[in-house]
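# Examination of the molecular architecture
Take a look at the letters that make up each chain.
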Amino acid sequence: MTARNAPPRASAMLESLRGLGYSTASALADIVDNSISAGASTVDIQFNWKGKSSSIYVLDNGWGMSDQELESAMTLGDKNPLEKRLPQDLGRFGMGLKTASFSQCKRLTVASKKLGVTSCLRWDLDILASNPGMGWVLFEGPEPSSKYLIEKLDDLDQGTLVIWELLDRIVTESFTVDDLLTLIDDQVEPHLAMVFHRLLEGNNPNLRLNLNNKKVQAWDPFLSGHPAKPWTSPAQKRRTSSGEVEVQCHVLPHKDKLSGREFDVIGGPAGWNAQQGFYVYRGQRLLVAGGWLGLGQPRAWNREEPHRLARIRLDIPNTADADWKIDVKKSVARPPVALRPWLTSLASDTRERARRVFAFRGSPTNVNVGTPIERVWKIERTSKGIRYKVDSAHPSIAAVLDEAPPIQRDLIVSMLRVIEETVPVQKIWLDTTENKDTPITSFGSSSDKAVLKVLETLFRNLVVRKGMDIEDAKTRLACTDPFQNFPHLIAQLSDPQS
């Protein structure tokens, strides 16, 4: 068989790898992945501003690498993605260090210390581009101007230092130091806080991550432990041929239940609407932050305002990368066909729960557990669609209808029918979409005094005219929309006949 050897041209191939679409934040996360896989407990990231000569370095206290191990780590394609890995290994393709780094810089230097010996190798794309016949050449030692950075390993028993220089994809012609600070504060820090939050959180975290000498604080997308959180499901597990998958569903509190700062923070780096959906983790490292993974019935779900409070934690093992189609950037995941019905069912339930909290502005759980809330509006589903009707059995409606003479009763029924037929559904939908929130209802803008006045009127009707026991009347009101939101006012009601 006739064959030809067709090796890629080094400079052209390396330049092509620069276009994989990493952001600065996601590229740095890939470097931190390597530190975690190497057992590091502390990682320091430093941005050094010197205009066109600016640099970024990542220093960890992990196991370090021997000279041979470092050469392997710096070689493209040296690691087979099909090889079995340790559970804590966050890599797969053996490309992340190089592709992430080249996406941001043209000079990549890695120094590593192991067993007291420091080794250092460097890729320099400018030199390779100007000498096309040079091939795949790694240079030993740092650029002379960067030698002082290598000395940072002197204070460590072991560890690795990654240096990015010639930051042409970051420090462009008009880039300033203020732009750099904005990049750090608005993009890099929020992304790292989100991606590694499970490793950073707790009193004794597995990882300490410092960014320009500032500790990165974990961003928990599930608002764990918040007293206003309406629902968290038990964790559910499903065993597959590639390992065990674990899912836990969460519905976050409505905006009304959060402080202004809490609402802004928990919205996440991409905002409330974009952050809804599945959060896919591997080794407690976040791969996918939001989205519905192409699930949905009959069509794939989109990110929509009514479901923005739904977030689902999904853990997969690193043995499942191929089944879940994890890409080299660790930013895409697709569930296997066998798991899609299960995940769709869990997500559908979570979305519906989130929609109810969003629609009813986070009404607290009924104090009389097991007793349904009597709501003013009923939903009727017909062959022609959904319509909303006033429930004549609601205490406030029934009180008027029961006491009205026949002529007035007919007028009241006609009035209610007009209200039903003129509910501004489209306007409400449009306002909700534009304002990113449901309109204020359930006495949301009223004082306690105004609410109490309405409560006293209904309470008097139940006790005096209906002959209901005082405690029974209070219980009835506590199960009536919207008064279930005001148990403290219901407790103030006293015998209207005294």
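Residues numbered from 1 in each chain as written. Predicted model: local features only at pLDDT ≥ 70, side-chain atom pairs only at ≥ 80, totals over all residues. Heavy atoms only, no water.

### Side note on the pairing of strand S15 (residues 377–382)
- Across six bridges, S15 lies against strand S16 (residues 385–390) in antiparallel orientation. Note on S16: the bridge partner recorded for Glu 380 is Arg 387.
- Counting the residues that bridge the hairpin from S15 to S16 gives two residues. (Pairing = 2+ DSSP bridges. Helix = DSSP H or I, 4+ residues; strand = E, 2+ residues; numbered from the N terminus.)

### Points about the sheet that holds strand S7 (residues 208–211)
- One open sheet accounts for eight strands, arranged S5-S4-S3-S6-S2-S1-S7-S8; its pairing is mixed. A single partner strand is all that each edge strand has here, and the edge strands are strand S5 (139–140) and strand S8 (214–215).
- Judged from the seven bridges that link them, strand S3 (residues 107–114) and strand S6 (residues 159–165) form a sheet pairing that is antiparallel. The residue of S6 that forms the bridge with Val 110 is Val 162.
- Against the sheet, helix H7 (residues 177–195) touches strand S1 (42–48), S7 and S8, its axis set at about 160° to S1. (Contact = heavy atoms within 4.5 Å. Axes fitted to C-alpha atoms, helices over the stretch in contact; angles between N-to-C directions.)

### Looking at unusual backbone geometry
- With an omega dihedral of -5°, the bond running from Gln 297 to Pro 298 counts as a cis peptide bond.
- Inspection of the secondary structure assignment puts Pro 298 in the loop between strand S13 (285–289) and strand S14 (310–316).
- Looking along the chain, the bond that leaves Asp 481 and enters Pro 482 is cis, with omega of 5°.
- Inspection of the secondary structure puts Pro 482 in the loop between helix H15 (470–478) and helix H16 (487–490).
- Phi at Leu 166 is positive, roughly 55°, even though this residue is not glycine.
- Note on placement: Leu 166 falls in the loop between S6 and H7.

### Re the environment of Gly 277
- By secondary structure assignment, the location of Gly 277 is in strand S12 (residues 277–282).
- Judged by relative accessible area, Gly 277 falls into the buried class, the value being 0%.
- C-alpha of Gly 277 to C-alpha of Ala 310: the two residues are 33 residues apart in sequence and 5.9 Å apart in space.
- What Gly 277 contacts, discounting residues up to four positions off in sequence, is Gly 290, Gly 291, Trp 292, Ala 310, Arg 311 and Ile 312. (Buried < 20%, exposed > 50% of the residue type's maximum accessible area, 1.4 Å probe, protein only.)

### A few points about the pattern of salt bridges
- Under the counting rule described, the total for this entry stands at 32 salt bridges.
- In this structure, the salt-bridge partner of Asp 349 is Arg 353, at a minimum N-O distance of 3.0 Å. Pair noted here: Asp 349 and Arg 353 are both in helix H10 (residues 340–359), with a separation of four residues, about one helical turn.
- Given the relative accessible area of 35%, Asp 349 is considered partly exposed.
- Salt bridges sharing common partners tie together Arg 198, Lys 237, Arg 239, Glu 244, Glu 246, Arg 313 and Asp 315. (Salt bridge = Lys/Arg side-chain N within 4 Å of Asp/Glu carboxyl O.)

### Some words on the pairing of S13
- Burial runs high along S13: four of the five residues are buried.
- Note that S12 and S13 share four bridges and pair antiparallel. Counterpart to Arg 282 in the pairing with S13 is Arg 285.
- The turn joining S12 and S13, which pair antiparallel and follow one another in sequence, is formed by two residues; a positive phi near 60° is taken by Gly 283.

### Looking at the packing of aromatic side chains
- Under the criterion given, the structure shown has eight aromatic pairs.
- Aromatic side chains Trp 49 and Phe 175 sit 6.2 Å apart centroid to centroid with 45° between the ring planes, which places their arrangement in the tilted category. Of the two residues, Trp 49 is situated in the loop between S1 and strand S2 (55–60) and Phe 175 in the loop between S6 and H7; the sequence distance between them amounts to 126 residues.
- Both rings, one in Phe 278 and one in Trp 292, keep their centres 6.0 Å apart while their planes meet at 80°; by these two values the pair is edge-to-face. Of this pair, Phe 278 sits in strand S12 while Trp 292 is found in the loop between S13 and S14, placing the two residues 14 residues apart along the sequence.
- Phe 278 gets classed as buried once you look at its relative accessible area, which sits at 0%.
- A relative accessible area of 3% means that Trp 292 is categorised as buried.
- Taken together, the aromatic side chains of Phe 102, Trp 123 and Trp 136 make up a single cluster linked through ring pairs.
- Its guanidinium or amino end placed over the ring of Trp 292, Arg 351 lies 5.0 Å from that ring's centre, counting from NZ or CZ.
- Above the plane of the ring of Trp 231 lies Arg 353, whose end atom (NZ or CZ) is 4.1 Å from the centre. (Phe/Tyr/Trp six-rings, centres within 6.5 Å; stacked < 30°, edge-to-face > 60°. Lys NZ or Arg CZ within 6 Å of the ring centre and 35° of its normal.)

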